[in-house]
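Residue-level structural notes
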Amino acid sequence: MKLVRGAWKILVGIKDGLVLIAMLLFFGLLFGALSARPGKTAIGDGALLLKLDGAIVEQPAEADPFASLGGGRAPHQFRLRDVVRSLDAAGKDSRVKAVVLDLDSFGGGYPAALNEVADAVRRVRDGGKPVLAYATAYTDSGYRLAANASEVWMSPMGGTLFAGPGGSQLYYKGLIDKLGINAHVYRVGKYKSFVEPYTRTAASPEAKEEVVKLYQVLFANWQEAVAKARPKAKFAPFLTTPGAVITAAKGNIAQANLDAGIVDKLGSRLDFGKRVAELAGGESNKAAGTFKTIKYEAYVAANPLPTGGAKIGVLTIAGDIIDGKSKAGSVGSDTISKAVLDALAKKDLKALVVRVDSPGGSALASEDMRRAILEAKAQKLPVVISMGSLAASGGYWVSTAGDVIFAEPTTITGSIGIFGIIPTFENTLKKIGLTTDGVRTTPLSGQPDIYGGTNAETDTIFQAGIEHGYQQFITRVATARKLTPARVDEIGQGRVWDGGTAHQIGLVDRFGGLQDAITEAAKRAGLKPEDVHAEYLEKKPSAFLRLIEQILDSNKDDDAAAGDAFTRMATERRAVFARALGDVKRIGTGAAIQARCLECDGLGGAQPQPGDTTLLALVLARFGL
């Protein structure tokens, strides 16, 4: 028996040893993969393929590799500056025989970002290089880019319908009342509409008035841009009487698009691939319709940002503003403040450019970041603000730290207002027979009481705090923009402005993009623009996350497409619903006092955050959908 037990121990020891060796080998190989510096992929002749199967954003959200293990995956996102840089490089690169825009699953973007990419596409085309676009059906956002291509292709089984900005917004007041939830709202700003879904069953006249004005300006800009790109196309009937147009075409949307000059060619992906192969060369021994391809990721890596000359720091504030730390895709005050303060401590920056692309968020976090940016001024550095697609509410609060503000005509800005929401559940508890009681030594004992409700003293204090916060906001803006507080209050009150109007009323100084801001910062620092480079003050993704991203990208279905016009429209509304559900969750778990913009969410650029799509799936599953 002892012999058997001894043999068993030996076998167990051998097994444990083999497992240990296997684990050491696994982690050794993993460490080697993470530590190795991947070599740049050689770029040969071919067509640069921009398969834009996601949204164009200022700063992509950091991927969660473990969330992907469950079968789901966060929507793909493309960094705006990388897309523009790759297009500009392709226009001058003799190896790039053509540029291909695959927009079948394009996730859209805010108007200012789309305009910047569309202008870059046009520069390639005007330089004499072919640009070909393909989609089964184009969205408004996708067509904004495709219109600038030399050839616009579409599936004969597809078809494009233009929706324009706007659509339904969820209002939760009826559900809140049924559940017995008491939403205590404290706000300043007649037009500060972010809280209305929690207090009303429909938009107030004031809120609608502001949204209509904003959307009319942005939609007019879209129409002007696509008409300029394709002057012979007949867009008007598709915008005013689409039903009559499609009925006259006997339901053949694609043919109606072709007849109107909205697209140039109807053809399958096979037809399109053969056309690209004529321009860029085909792949021998491969299926028909295959063309020599230059992958976007490899091309971006082969065309890195310049590093010569003096450093102009670029601090990116992109996404919802939150307290504490954050990952890429949102803006944590601690993370952003540390990034700028650490960079300033090195004493090698000549100026600071703050790139703002945010609908706002926590008022406290906005103020903390503003104070950190002011440290650059304390070091006598010029501070230039570059507004991206949106710099509203908390995003504008941060912008008051700059010496000069650049924006695009379609930048969404303003929304100078502040609010707070605290939900209590006393009526909910009564529905199930629960009541509350207790002893209080002061009027604020146990307040705000989520079980028993707030009292008048608490409501008075919270409202006074919100009004004080609004006065701080007004004071920051008045001082920075050299306006009177009364004037800021007049153009404030939560109003949202397009960049063109914001320039007229003094909220921004000049029109221009990020490069214009960097050039201005260099000049203010006494340097020539050609003698500086942008030093982005952001954490680089870890080697592990890059490896996981590469694995996920290699495993994704390259043939996945978004479908016809009806499917595309439904997909966009599903994304809006996911974002709305996520906003409800964030209101309940985020900062109590916020400066945020509701109108910013209805323009196609507000993408669902990580977790929003999962939340939507849970809600739909709950109702058997």
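Residue positions are given per chain, counting from 1 as you read along its sequence in written order. Totals for whole chains, interfaces and linings use every residue, but because this is a predicted model, local features are given only for residues with pLDDT of at least 70 and side-chain atom pairs only at 80 or more, for both listing and counting. Where side-chain values are given, they derive from all heavy atoms of the structure, hydrogens and water being excluded.

For the rest of this paragraph, the subject is the overall build of the chain. Only DSSP runs of H or I covering at least 4 residues are called helices, and only runs of E covering at least 2 are called strands; the numbering of each starts at the N terminus. Across its full length, the chain holds 23 helices and 22 strands. Burial statistics for the chain: of 625 residues in total, 48% are counted as buried. Note on contacts: a residue pair is in contact if any heavy atoms of the two residues lie within 4.5 Å. Taking the contacts inside the chain whose residues are at least 6 apart along the sequence as the reference set, 76% of them involve residues at least 24 apart. Partly exposed describes any residue whose relative accessible area lies between the buried limit of under 20% and the exposed limit of over 50%, with all areas from a 1.4 Å probe on protein chains only and scaled to the type maximum.

The next point concerns the pattern of salt bridges. Between side chains of opposite charge, a pair can form when the charged atoms approach closely. Each reported salt bridge corresponds to a side-chain nitrogen of Lys or Arg within 4 Å of a carboxyl oxygen of Asp or Glu. Counted by the stated rule, this structure contains 28 salt bridges. Where R123 meets D88, a salt bridge forms, and the shortest distance between an N and an O atom there is 3.0 Å. Of this pair, R123 sits in helix α3 (residues 111-126) while D88 is found in helix α2 (residues 80-92), placing the two residues 35 residues apart along the sequence. One salt bridge connects K173 with D177, and the closest N-O pair in it is separated by 3.2 Å. Residue K173 and its partner D177 are both found in helix α5 (residues 173-179); the two are separated by four residues, about one turn of the helix. Look at the salt bridges and you will find they share partners, linking R79, R81, D82, R85 and E538 into a network.

Moving on to the sheet that holds strand β4 (residues 96-102). A strand pair is defined by DSSP finding two or more bridges across the two strands. Taken in spatial order, the six strands line up as β8-β6-β5-β4-β1-β9 in an open sheet, and their pairing is parallel. At either margin of the open sheet sits one strand with a lone partner, and together these are β8 (265-266) and β9 (293-295). In the sheet, β4 pairs with strand β5 (residues 131-135) via four bridges, with the strands oriented parallel. In the strand pairing of β5, V99 is matched with V131. Only the contacting stretch of a helix is used when fitting its axis, a line to C-alpha atoms as for every element, and angles between N-to-C directions run 0 to 180 degrees. The strands touched by helix α11 (residues 269-280) are β1 (46-51), β4, β5 and β6 (151-154); relative to β5, the strand with the most contacts, the crossing angle is about 170 degrees.

Right, let's talk about the nonpolar core for a bit. Counting 56 residues, the largest nonpolar core has V99, L103, Y138 and Y143 as its most contacted members. Among the elements that line this core, the one with the most residues is α3, at seven residues. What Y143 contacts, discounting residues up to four positions off in sequence, is Y138, V152, F162, W222, V226, R230, F235 and I262. The next biggest cluster of nonpolar side chains, apart from the first, holds 48 residues, and it includes V188, A363, A391 and L507. The criterion is simple. A nonpolar core is a set of buried Ala, Val, Leu, Ile, Met, Phe, Trp, Tyr and Cys residues joined through side-chain atoms within 4.5 Å.

Moving on, we come to α2. Multiplying 1.5 Å by the residue count of a helix minus one yields the expected span of that helix. The terminal C-alpha atoms of α2, which comprises 13 residues, lie 19 Å apart, in line with the 18 Å expected from a rise of 1.5 Å per residue. Burial of α2 is extensive: 10 of the 13 residues sit out of reach of the surface. Among the residues making up α2, those that are buried are L80, R81, D82, V83, V84, R85, S86, L87, A89 and A90.

Locating R144 in the fold gives a position in helix α4 (residues 140-146). This buried residue, R144, is left without a salt bridge; D119 holds the nearest opposite charge, at 4.4 Å. Among the polar contacts listed, one links the side chain of R144 to the side chain of N115, at a separation of 2.9 Å. Positive charges come from Lys and Arg, negative ones from Asp and Glu, while His and the chain ends are left out of the count. Contacts described as polar in this section are N or O atom pairs within 3.5 Å, which, within protein, must combine one atom able to donate a hydrogen with one able to accept it, while residues neighboring in sequence count only if both atoms come from side chains.

So, about the packing of aromatic side chains. Stacked, tilted and edge-to-face pairs are distinguished by plane angle, under 30 degrees for stacked and over 60 for edge-to-face with tilted covering the rest, among Phe, Tyr and Trp rings (Trp via its six-membered ring) whose centres lie within 6.5 Å. For the coordinates displayed, the defined rule picks out 13 aromatic pairs. Plain terms: the ring middles of F162 and F235 are 6.2 Å apart, the flat faces sit at 55 degrees to each other, and that makes the pair tilted. With F162 in the loop between β6 and α5 and F235 in the loop between α7 (205-229) and α8 (236-240), this pair connects stretches of sequence that are 73 residues apart. Plain terms: the ring middles of F194 and F419 are 5.3 Å apart, the flat faces sit at 15 degrees to each other, and that makes the pair stacked.

What follows deals with the confidence of the model for the chain. Chain-level statistics for the chain give a pLDDT mean of 85 and a share of 78% at 70 or above. pLDDT: the predictor's confidence for each residue, scored from 0 to 100. For residues 68-72, every residue scores under 50 in pLDDT, and the model assigns this stretch three contacts once sequence neighbours within four places are set aside. A low-confidence stretch, residues 557-561 (pLDDT under 50), is modelled with five contacts involving residues beyond four sequence positions or located in other chains.

Moving on, we come to the pairing of β5. Among the five residues in β5, five count as buried, and that is most of the element. Burial of the side chains of β5 extends over both faces: V131, A133 and A135 are buried on one face and L132 and Y134 on the other. Viewed along the sheet, the connection from β4 through α3 into β5 turns out right-handed. As paired strands, β5 and β6 are joined by four bridges and run parallel to one another. If you view a crossover with the strands going away from you and the path from the first strand over the helix to the second runs clockwise, you call it right-handed.

All right, on to the environment of Y536 then. Residue position: Y536 is located in strand β21 (residues 532-536). You can call Y536 buried: its relative accessible area is 12%. Residues Y536 and K311, 225 residues apart in the sequence, show an inter-C-alpha distance of 9.4 Å. Ignoring anything within four residues of it in the chain, the contact list for Y536 reads R81, L305, V314, T316 and L514.

At a minimum axis separation of 9 Å, helix α13 (residues 333-345) and helix α14 (residues 363-378) run at an interaxial angle of 5 degrees. In terms of their interaxial angle, α13 and α14 are classed as roughly parallel. Together, S333, I336, S337, V340, L341 and L344 of α13 and A365, D368, M369, A372, E375 and A376 of α14 make up the contact between the two elements. Grouping the constituent residues of the contact of α13 with α14 by class yields eight nonpolar, two polar and two charged. Here the angle decides the label: under 35 degrees means roughly parallel, over 145 means roughly antiparallel, 65 to 115 means roughly perpendicular, and every other value means oblique. Amino acid classes used here: Ala, Val, Leu, Ile, Met, Phe, Trp, Tyr, Cys and Pro are nonpolar; Asp, Glu, Lys and Arg are charged; the rest, including Gly, are polar.

Going from Q447 to P448, the amide bond is cis rather than trans, its omega being -10 degrees. By secondary structure assignment, the location of P448 is in the loop between α16 (426-431) and α17 (456-481). The phi dihedral of S393 is positive, around 55 degrees, even though this residue is not glycine. Using a relative accessible area of 0% as the deciding quantity, one classes S393 as buried. For Q493, which is not glycine, the phi torsion reads 60 degrees and is therefore positive.

Right, let's talk about the pairing of β21 for a bit. Most of β21 is tucked away, with four of its five residues classed as buried. As paired elements, strand β10 (residues 310-318) and β21 share five bridges and run parallel to each other. Within the sheet, the bridge partner assigned to A310 lies in β21 and is V532.

Let's shift gears to the environment of D357. By the element assignment, D357 lies in strand β13 (residues 349-358). Residues D357 and S386, 29 residues apart in the sequence, show an inter-C-alpha distance of 8.8 Å. A distance of 2.6 Å separates a polar side-chain atom of D357 from the backbone nitrogen of S389.

Right, let's get into the side chain of T413. Tracing the sequence through the fold places T413 in strand β17 (residues 412-414). According to the relative accessible area criterion, T413 is buried, its value standing at 0%. Looking at T413, its side chain comes within polar contact range of the main-chain oxygen of A391, at 2.8 Å. Among all residues touching T413, those that are not within four sequence positions of it are M387, A391, A392, Y396, R495, V496, W497 and A502.

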